Amino acid sequence: MPLLESVPNTIQRWCEGEGDTSLVDVERLESTAFSVTARHNWAGEDAVRTRTGQLRYRILFNADGEAEVGVRTIAVGDVETSTTRRTRAGQRLVGQVSFAPEPRTPGSGLEFFVTLNPSSGSPVTCSVPIVIEDISARWTHLNHSNVFEIDVYGATPEQVAIIHDTLSILPAQHRAVIPRIVVADRVGPIGTGNIRQGGNSDRQGPPETQRIELTHYALDNKLRNVGEMRVCFTLLHEIGHFVDTRMGILPRDAGQRQILEEWFQTLNYQGTTQGAGERSAEAYWRYFIGTLPEEIRRILESSPAFRALVEDPVVVELD
């Protein structure tokens with residue numbers, strides 16, 4: 001599913017020059033993000049948003065000629081990056097452009113542009129301004145706490161206590177891979193997604209925006225007892241994704257993967273995503289809650305993320 005809906009002809013209004021603007025039809029221009037959960041929308045009628053300095057495009061050319069597609073500074077017109085292709089009438093060009101969010105020309109904005117020099121007739125250029133979205137602005141204004149040297153945003157005092165107790169049952173090696181935790185009513189992405197009772201994680205974006213997202217509902221309701229503490233198993237699940245990505249949980253051995261898969265199928269898992277990583281994340285939280293079957297426990301303990309824990313085990317007192 002595209003991160004921006006295809007809007008045929010939307011960009012035509014930015015075409016300029018003496019040429020025939022119907023020769024260039026920007027059928028799709030969409031921002032791309034490292035996070036597969038990211039969603040972007042048009043910024044009004046005159047800009048496209050991106051947070052990573054990447055755009056995907058699909059352009060229909062209605063004339064033979066030569067086309068240049070790329071990113072340039074607004075007004076000054078200094079080209080930051082571009083590619084040049086020969087075109088034929090009726091040809092579609094699909095591609096991606098990557099660029100530095102900060103233009104080389106100080107004080108100038110950036111725009112995506114397409115210039116067609118037809119074999120006959122005058123050149124025509126279409127362009128649309130680019131807005132670089134600061135995703136961290138979505139949480140930096142929220143209540144801030146620090147738990148085990150991890151920044152936590154948006155949590156109530158009671159929820160901070162739950163987060164503290166949840167993190168306290170984990171080894172320091174695993175806590176170290178958590179970039180930050182953000183709490184909101186809706187997540188996936190934070191504040192705008194369709195997840196209202198669970199969690200989400202961004203593990204692929206730049207370091208300053210990677211995060212675990214949790215709903216208030218999850219921190220208030222998705223709890224288990226570990227000794228005298230109440231811990232959030234949704235938070236443990238999302239941490240499991242980070243530990244799997246950074247340190248490795250999911251087994252490579254085909255036999256172990258099959259055993260893990262058969263166990264996973266008994267859970268009737270109802271999460272939004274159903275990929276292989278959900279197997280390791282579901283096993284992860286049950287490991288620390290103390291409800292994981294012994295066979296699956298041994299599989300986890302043979303993974304890179306858990307080998308150090310076998311040598312220096314974490315002792316959890318259970319009821």
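Residues numbered from 1 in each chain as written. Predicted model: local features only at pLDDT ≥ 70, side-chain atom pairs only at ≥ 80, totals over all residues. Heavy atoms only, no water.

### Observations regarding unusual backbone geometry
As a reminder, the rule being used: Runs of E in the DSSP output that reach at least two residues are strands. Runs of H or I that reach at least four are helices, and both are numbered from the N terminus. Think of it in three bands: with a 1.4 Å probe and only protein chains considered, a residue is buried below 20% of the maximum accessible area for its type, exposed above 50%, and partly exposed in between.
The phi dihedral of Phe-148 is positive, around 50°, even though this residue is not glycine. Within the secondary structure, Phe-148 sits in the loop between strand E10 (144–147) and strand E11 (150–153). One non-glycine residue, Asn-268, adopts positive backbone phi at about 55°. Tracing the sequence through the fold places Asn-268 in the loop between helix H5 (254–265) and helix H6 (277–289). We classify Asn-268 as exposed; its relative accessible area is 58%.

### A few points about the pattern of salt bridges
What counts is decided by this rule: Take a side-chain nitrogen of Lys or Arg and a carboxyl oxygen of Asp or Glu: if they are within 4 Å of each other, that pair is a salt bridge.
Evaluation of the coordinates by the stated rule reveals seven salt bridges. In this structure, the salt-bridge partner of Arg-211 is Asp-202, at a minimum N-O distance of 3.1 Å. Connected via shared salt-bridge partners are Asp-202, Arg-211 and Glu-213.

### Focus: the environment of Cys-126
On the secondary structure map, Cys-126 appears in strand E9 (residues 124–132). Look at Cys-126 and you get buried, because its relative accessible area is 3%. Distance from Cys-126 to Leu-116, taken between C-alpha atoms, is 8.8 Å for residues 10 residues apart in sequence.

### Considering the sheet that holds strand E13 (residues 199–202)
Applied cut-off: Whether two strands pair comes down to DSSP finding at least two bridges between them. Inter-axis angles, ranging from 0 to 180 degrees, are taken between N-to-C directions of lines fitted to C-alpha atoms, where helices are fitted over the stretch in contact. Any pair of residues with heavy atoms lying within 4.5 Å of one another is described as a contacting pair.
Reading across the sheet, the five strands line up as E10-E11-E12-E14-E13 and stay open at both edges, with mixed pairing between neighbours. Two strands close off the open sheet at either side, each with one partner strand: E10 and E13. Neighbour to neighbour, the strand axes of the sheet diverge by 20° on average, direction disregarded. Relative to the sheet, helix H1 (residues 157–168) contacts E10, E11 and strand E12 (180–184), its axis offset from that of E10 by approximately 20°. Those strands touched by helix H4 (residues 233–246) are E12, E13 and strand E14 (211–215), and its axis lies near 160° from that of E14.

Shape descriptors only; they carry no functional weight alone.
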